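The residues making up each chain are set out below.
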Amino acid sequence: MQETLPTVTLDITPDTAPAIFRGAGLGQYFEHIRASVNEAPDLSTKRGRDRIASLAAQVSRSKTAVERPGREYLKSIKALPKLIETELREFADMCDLLRDEVRRPLTEWEAEQARIEGERKAAEAAAALALQVETDHEIALLMDREIDRQREEARRAAEQAQREHEARIAREAAERAEADAAARVAAELAEAGRREAEAKLAAERAQREQQEAERRALEAEARAEREKVEATERAEQARAAAIEQERQRVEAAQREQAAEQARREADVQHKRAINTAAMRALVEHAGLTDEQAKATIVAIARGQVGNVSIRY
């Protein structure tokens, strides 16, 4: 096995820092650490396992030896901006105080000049104000006289307007009274005309209604006469129809009776012929006498001989 290499150490100062921290600048130190632990101890022996633990601890020590001074340097450069800011601020404040101290005589002179100028302007303004007050007073006197004149004219105009207003009111009242009277007369005339027209219309309506009633009465009388004649005609027609219907019924009954009589007679003749033929057959084939054959046929026809019948 290789012998343990010494732990890597790193001295970081403001002079060496730029050369170390230049981007992957610590790579050479890492490669040195890697080379120092490039071994393959026998894991199956205690000595080998102890060697592995020792190599790992050596890596940690080397890391600390490089990282600790680096962190210390980083801490110092982090505090540097605050120190610079404080010193610059103090420097600027001192310069401002010095500037104000140097300029103080000029500042005081400028303030005095400003005061003098202010007093001059105030005096000019006071004089102008006094002149303006005097001018305004004269104008006010003139305006007072003008206002008095205008007030008198306004009073006279108001009185004239009042008189004209009262006259207009009186005139309008008279006109309204005249118009109201004319309107009442016109309304009364219109009402009288309306009543007369309504009376005329009522009379005309009554006359028309009377004429209409007379016309309806005449029409009703004529209609009643027509209905009477029509009823008589209908009664006569009904009587004639009934007589004709009865005649036809009697004739039909007579025809039916005659037909029935004919049918009965034909049936009798038919049966008589069959019975005669049967009777002859009995006489001829059964050796019966005429009386016996007749009695036999009569008994069969009356159903007195069981299981024997004559087919007509």
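The structure displayed is predicted, hence computed values, not measured ones. (Residues numbered from 1 in each chain as written. Predicted model: local features only at pLDDT ≥ 70, side-chain atom pairs only at ≥ 80, totals over all residues. Heavy atoms only, no water.)

Visitor: Hey, could you run me through the overall build of the protein chain in this one?
Guide: Per the secondary structure count, the protein chain includes four helices and zero strands. Shown N-terminal to C-terminal, the secondary structure of the protein chain runs as helices and strands in the order α-α-α-α. Relative to the 2.2 N^0.38 estimate, which gives 20 Å for 312 residues, the radius of gyration of the protein chain is 81 Å and therefore markedly larger than a compact globule would have. Expressed as a percentage of the 312 residues in the protein chain, the buried residues total 8%. Considering only contacts within the protein chain whose residues lie at least 6 apart along the sequence, 50% involve residues at least 24 apart. Accessible surface, the protein chain as shown: approximately 25400 Å² in total, 57% of it carbon and sulfur. (Helix = DSSP H or I, 4+ residues; strand = E, 2+ residues; numbered from the N terminus. Rg over C-alpha atoms; globule rule 2.2 N^0.38 Å. Buried < 20%, exposed > 50% of the residue type's maximum accessible area, 1.4 Å probe, protein only. Contact = heavy atoms within 4.5 Å. Areas by Shrake-Rupley, 256 points an atom, 1.4 Å probe, with all protein chains shown as cover.)

Visitor: What am I meant to see in the domain arrangement of the protein chain here?
Guide: One frequently used descriptor of interface size is the decrease in accessible area upon assembly of the parts. The assigned domain composition of the protein chain is domain 1 (16–111), domain 2 (218–262) and domain 3 (268–311). Taking only C-alpha atoms, the centre of domain 1 and the centre of domain 2 are 150 Å apart. (Domains from an automatic or database assignment.)

Visitor: Mind showing me how you'd approach the pattern of salt bridges here?
Guide: Here the idea is simple: oppositely charged side chains can pair when their charged atoms come close. Taken as a whole and assessed by the stated rule, the structure comprises 31 salt bridges. A salt bridge links Arg-115 to Glu-119; the shortest N-O distance between them is 2.6 Å. Remark: Glu-119 and Arg-115 occur in helix α3 (residues 46–286); sequence separation between them is four residues, near one turn of the helix. Judged by relative accessible area, Glu-119 falls into the partly exposed class, the value being 46%. Look at the salt bridges and you will find they share partners, linking Glu-152, Arg-155, Arg-156 and Glu-159 into a network. (Salt bridge = Lys/Arg side-chain N within 4 Å of Asp/Glu carboxyl O.)

Visitor: Sorry if this is basic, but what is going on with the side chain of Glu-39 here?
Guide: If you trace the backbone, Glu-39 turns up in the loop between α2 (27–36) and α3. Engagement of the side chain of Glu-39 in a polar contact is seen with the side chain of Arg-51, the distance being 2.5 Å. (Polar contact = N/O pair within 3.5 Å; in protein donor to acceptor, adjacent residues only side chain to side chain.)

Visitor: Just to check I follow, could you spell out a nonpolar patch on the surface for this structure?
Guide: On the surface, a cluster of nonpolar side chains totalling about 390 Å² of accessible area is made up of Leu-80, Leu-83, Ile-84 and Leu-88. Residue classification places Ile-84 among the partly exposed residues on the basis of a relative accessible area of 42%. (Patch = residues over 30% accessible without salt bridge, like charges linked within 9 Å, V, L, I, M, F, W, Y side chains within 5 Å.)

Visitor: Where do I start with unusual backbone geometry in this structure?
Guide: Most peptide bonds take the trans configuration, and most residues that are not glycine carry a negative phi. Phi angles above zero are rare outside glycine, and Asn-307 is one such case at about 60 degrees. Mapped onto the secondary structure, Asn-307 falls in the segment after α4 (290–301). By relative accessible area, Asn-307 is classed as exposed at 89%.

Visitor: What is the right way to look at the environment of Gln-150 in this model?
Guide: In this fold, Gln-150 is placed in helix α3. Using a relative accessible area of 42% as the deciding quantity, one classes Gln-150 as partly exposed.

Visitor: Where do I start with α4 in this structure?
Guide: Residues lying three or four places apart along an α-helix face the same way, a consequence of the helix completing one turn every 3.6 residues. Here α4 is 12 residues long and its end C-alpha atoms lie 16 Å apart, about the 16 Å a rise of 1.5 Å per residue gives. Taken together, the buried positions of α4 are Ala-293, Ile-297, Ala-299 and Ile-300. The buried residues of α4 occupy an angular sector of 160 degrees when the element is viewed end-on, so they sit on one face. Following α4 by one or two positions, Gly-303 adopts a phi angle in the positive range, close to 80 degrees. (Expected span 1.5 Å × (residues − 1). Arc of directions from axis to C-beta.)

Visitor: Explain the confidence of the model for the protein chain here, please?
Guide: Do not read the fine detail of predicted coordinates wherever pLDDT is low. Confidence in the prediction of the protein chain, expressed as mean pLDDT, is 83, and 95% of residues score 70 or more. The spread of mean pLDDT over the elements of the protein chain runs between helix α1 (residues 17–20), the lowest at 72, and α4, the highest at 88. (pLDDT = per-residue confidence, 0-100.)

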